[in-house]
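Residue-level structural notes
Here's the letter readout for the chains.
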Amino acid sequence: MLIDELRKANIEALKNRDKEKRAIYSVVINRYDLLSKEKKCDDVDLAKIINKVKKN
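1. Focus on a positive patch on the surface
A contiguous patch of positive charge on the surface is contributed by Arg 31, Lys 48, Lys 52, Lys 54 and Lys 55. For the positive patch, the leading source of residues is helix H3 (residues 43–55), giving 4 residues. Counting through the fold element by element, Lys 48 comes out in helix H3.

Printed below as a string of structure tokens:
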């Protein structure tokens, strides 16, 4: 799933000390985790979260 790739990218950003990427990945992952507690999520829901974060 896409969320697994984002988690890996987040770890890479952490290793590379890239604060901007890490912050963005963390926001997206945290929002996904919150939504997944309410209901079962898929890549479509993740894409919606990414678009919302991108607008902000």
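2. Quick word on the side chain of Asp 45
The topology assignment puts Asp 45 in helix H3. Leaving out residues up to four positions away in the same chain, Asp 45 has contacts with Leu 35, Lys 39 and Lys 40.

Thresholds applied
Per chain, the residues get numbers from 1 upward, laid out in the order the sequence is written. The model is predicted, so local features are restricted to residues of pLDDT at least 70 and side-chain atom pairs to those at 80 or more, both for listing and for counting; the totals for chains, interfaces and linings are taken over all residues. To get the side-chain values, take all heavy atoms of the structure and skip hydrogens and water. Patch membership requires more than 30% relative accessible area and the absence of a salt bridge. Residues of like charge join within 9 Å; the nonpolar side chains Val, Leu, Ile, Met, Phe, Trp and Tyr join within 5 Å. Accessible areas in this description were obtained via Shrake-Rupley with a 1.4 Å probe; residue shielding takes into account the shown protein chains only. What makes a salt bridge here is a side-chain nitrogen of Lys or Arg within 4 Å of a carboxyl oxygen of Asp or Glu, nothing more. Only four residue types enter the charge count: Lys and Arg as positive, Asp and Glu as negative, with His and the chain ends excluded. The atoms used to mark charge sites are NZ of Lys, CZ of Arg, CG of Asp and CD of Glu. Secondary structure follows DSSP: runs of H or I at least 4 residues long count as helices, runs of E at least 2 residues long count as strands, and numbering of each begins at the N terminus. Residue contacts are counted whenever heavy atoms from the two residues lie within 4.5 Å of one another.

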